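This is what each chain is made of:
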Amino acid sequence: MLRTLPLLAVLAAATAPPARADEVRCPPSLTVQAQPEAPGGWSPYPAKDQHAFAGVTLVEGDRASQMAAPAPAALEPDRSLRRGRSEIRQWDFPAARRDNVFLICRYAGTQATLAIDLPRTVRRCQITEETDARGMVLDKPATAPQFLCR
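Predicted, not measured: the structure shown is a model, and the values here were computed from it.

Peer 1: Mind showing me how you'd approach the state of the cysteines here?
Peer 2: Tallying each qualifying case throughout the model produces 2 disulfides. Between the sulfur of Cys26 and that of Cys105 lies a disulfide, 2.0 Å long from S to S. Disulfide Cys26-Cys105: torsion about the S-S bond near -85 degrees, hence left-handed. Of this pair, Cys26 sits in the loop between helix 1 (4-15) and strand 1 (29-34) while Cys105 sits in strand 5 (residues 101-107); the two residues are 79 residues apart in sequence, bridging distant segments of the chain. Neither Cys26 nor Cys105 differs from the other in exposure class; each is buried. The disulfide that involves Cys125 links it to Cys149, with 1.9 Å between the sulfurs. Around the S-S axis, the bridge from Cys125 to Cys149 shows a dihedral of about 110 degrees and counts as right-handed. With a gap of 24 residues between them, Cys125 in strand 7 (residues 124-130) and Cys149 in strand 8 (residues 146-149) connect regions that are remote in the sequence.

In structure tokens form, the structure reads like this:
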């Protein structure tokens, strides 16, 4: 049984559609190493926690300085459209943008994030998120948000 798990992981990776060189996607989950701070007399035992993809923030400017700020200045989407029980937000980028744009991937149940500079070839980012009947994006959706930059 133990030998079949690595084989299944390889098969799943092999059957996944190949990503184009100019596509950027957030990883579907994030593993965080949790190191508890123990009060005197207690022994801390670290753990690894798995967190599902929850959403994105797009930011313009220098990634190092923006991430050091208490709250990076998020770019507003260029378009937002509701379709049934989902909301689609889209950011468009000109061919000759002057400033760097980077992506912050957020995950449920943690403040840990991932960030990456978008290649200059990326022209559009789009996220589709599940909403309630009033059109509000759900905090705990049944399906993970779908996100892609290309």
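Peer 1: Teacher, can you tell me more about the side chain of Arg89 here?
Peer 2: You can see Arg89 is positioned in strand 4 (residues 86-92). Within the local environment of Arg89, its side chain forms a polar contact with the side chain of Glu129, the two groups lying 2.4 Å apart. Arg89 has contacts with Pro77, Arg79, Ser80, Cys125, Gln126, Ile127 and Glu129, leaving out every residue within four places of it along the chain.

What counts as what
Residues numbered from 1 in each chain as written. Predicted model: local features only at pLDDT ≥ 70, side-chain atom pairs only at ≥ 80, totals over all residues. Heavy atoms only, no water. Disulfide = S-S within 2.5 Å. Helix = DSSP H or I, 4+ residues; strand = E, 2+ residues; numbered from the N terminus. Buried < 20%, exposed > 50% of the residue type's maximum accessible area, 1.4 Å probe, protein only. Polar contact = N/O pair within 3.5 Å; in protein donor to acceptor, adjacent residues only side chain to side chain. Contact = heavy atoms within 4.5 Å.

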